[in-house]
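# An overview of the molecular structure
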Amino acid sequence: MRHLTKKHTLGKAKDQRDALLRALATELFTHGEIKTTLARAKALRPYAEELITLAKKGDLTSRRQAAKFIYDKEIGQYIDVATGEIFETLEEGKKLPKQTVLRKLFSVIGKKYTDRNGGYTRIYHLPPRRGDASEMALIQLV
């Protein structure tokens, strides 16, 4: 008997499932909320919450572990890593790095949830999708 091995397979092979969850988590941290199917939202919740827990630790090991589970793409803004302040354009005389998803996760999102012991995401049920009547959901960071 295979006890405690339940996982959301999403009807995909492991490599495809990992790539899907990685892309969904990246977009969740980029935009703060995403609209997807209910099954994908339920599969994404523990994946994203584990990454936020790593971000709360904030050390180098946690940063390297989290980098394995999200795509570290540039968002198109600039970030002051020390304060977590975000700038749309680069001001005169300032040298700031471009904001990436990993930097945002550790400097903004991780600091936001320092006092919270879990439950970083929320799932809302939405009306079914028009084309195939699939159950839709909105998953967002609390």
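We now turn to the structure provided with this report. (Residues numbered from 1 in each chain as written. Predicted model: local features only at pLDDT ≥ 70, side-chain atom pairs only at ≥ 80, totals over all residues. Heavy atoms only, no water.)

## Looking at the overall build of the protein chain
When helices and strands are counted, the protein chain shows 4 helices and 6 strands. In sequence order, the protein chain lays out its α and β elements as α-β-α-α-β-β-β-α-β-β. Its C-alpha atoms put the protein chain at 60 × 40 × 30 Å along the principal axes. Here the protein chain, with 142 residues, has 37% of them falling under the buried criterion. Accessible surface for the protein chain amounts to roughly 9,100 Å². Of this, 50% is attributable to carbon and sulfur atoms. Once the 28 positive and 17 negative side-chain charges of the protein chain are each reduced to a mean point, those two points are 7 Å apart. (Helix = DSSP H or I, 4+ residues; strand = E, 2+ residues; numbered from the N terminus. Buried < 20%, exposed > 50% of the residue type's maximum accessible area, 1.4 Å probe, protein only. Areas by Shrake-Rupley, 256 points an atom, 1.4 Å probe, with all protein chains shown as cover. Lys, Arg positive; Asp, Glu negative; His and termini not counted. Charge placed at Lys NZ, Arg CZ, Asp CG, Glu CD.)

## Quick look at the environment of Lys35
Residue placement: Lys35 occurs in strand S1 (residues 33–37). On the basis of relative accessibility, which here comes to 61%, the residue Lys35 falls in the exposed class. In this structure the C-alpha to C-alpha distance between Lys35 and Tyr120, which are 85 residues apart in sequence, comes to 17 Å.

## What to know about the pattern of salt bridges
Tallied over the entire structure, the rule returns 3 salt bridges. A salt bridge links Arg129 to Asp132; the shortest N-O distance between them is 3.0 Å. Accessibility expressed as a relative area gives 36% for Arg129, which makes it partly exposed. (Salt bridge = Lys/Arg side-chain N within 4 Å of Asp/Glu carboxyl O.)

## Focus: the sheet that holds S1
One open sheet accounts for 3 strands, arranged S1-S6-S5; its pairing is antiparallel. Two strands bound the open sheet, and with one partner strand each, they are S1 and strand S5 (121–126). Across the sheet, the mean angle separating the axes of adjacent strands is 25° when strand polarity is ignored. Here S1 pairs with strand S6 (residues 136–141) via 5 bridges, running antiparallel. Bridge assignment links Glu33 to a residue of S6, and that residue is Gln140. Of the strands in this sheet, S1, S5 and S6 touch helix H1 (residues 14–31), which is tilted by about 145° from S1. (Pairing = 2+ DSSP bridges. Axes fitted to C-alpha atoms, helices over the stretch in contact; angles between N-to-C directions. Contact = heavy atoms within 4.5 Å.)

## What about the side chain of Gln140?
Structurally, Gln140 is set in strand S6. With near-sequence residues (within four places) excluded, Gln140 lies in contact with Leu28, Gly32, Glu33, Tyr120, Thr121, Arg122 and Tyr124.

## Digging into the packing of aromatic side chains
Here the distance between the centres and the angle between the planes together describe a pair of aromatic rings. In the structure shown here, the tally under the stated rule is 2 aromatic pairs. Taking 6.1 Å as the distance between ring centres and 90° as the angle between the ring planes, the aromatic pair formed by Tyr47 and Phe69 counts as edge-to-face. A residue pair is termed long-range when its members are at least 10 positions apart, and Tyr47 in helix H2 (residues 38–57) and Phe69 in the loop between helix H3 (60–67) and strand S2 (74–80) qualify at 22 residues. Taking relative accessible area as the criterion, Tyr47 reaches 18% and is therefore assigned buried. Using a relative accessible area of 36% as the deciding quantity, one classes Phe69 as partly exposed. Each ring, one from Tyr113 and one from Tyr120, has its centre 5.1 Å from the other, and the planes form 50°; the classification is tilted. Residue classification places Tyr113 among the buried positions, given a relative accessible area of 3%. Sitting over the face of the ring of Phe106, Arg63 holds its NZ or CZ atom 4.5 Å from the ring centroid. (Phe/Tyr/Trp six-rings, centres within 6.5 Å; stacked < 30°, edge-to-face > 60°. Lys NZ or Arg CZ within 6 Å of the ring centre and 35° of its normal.)

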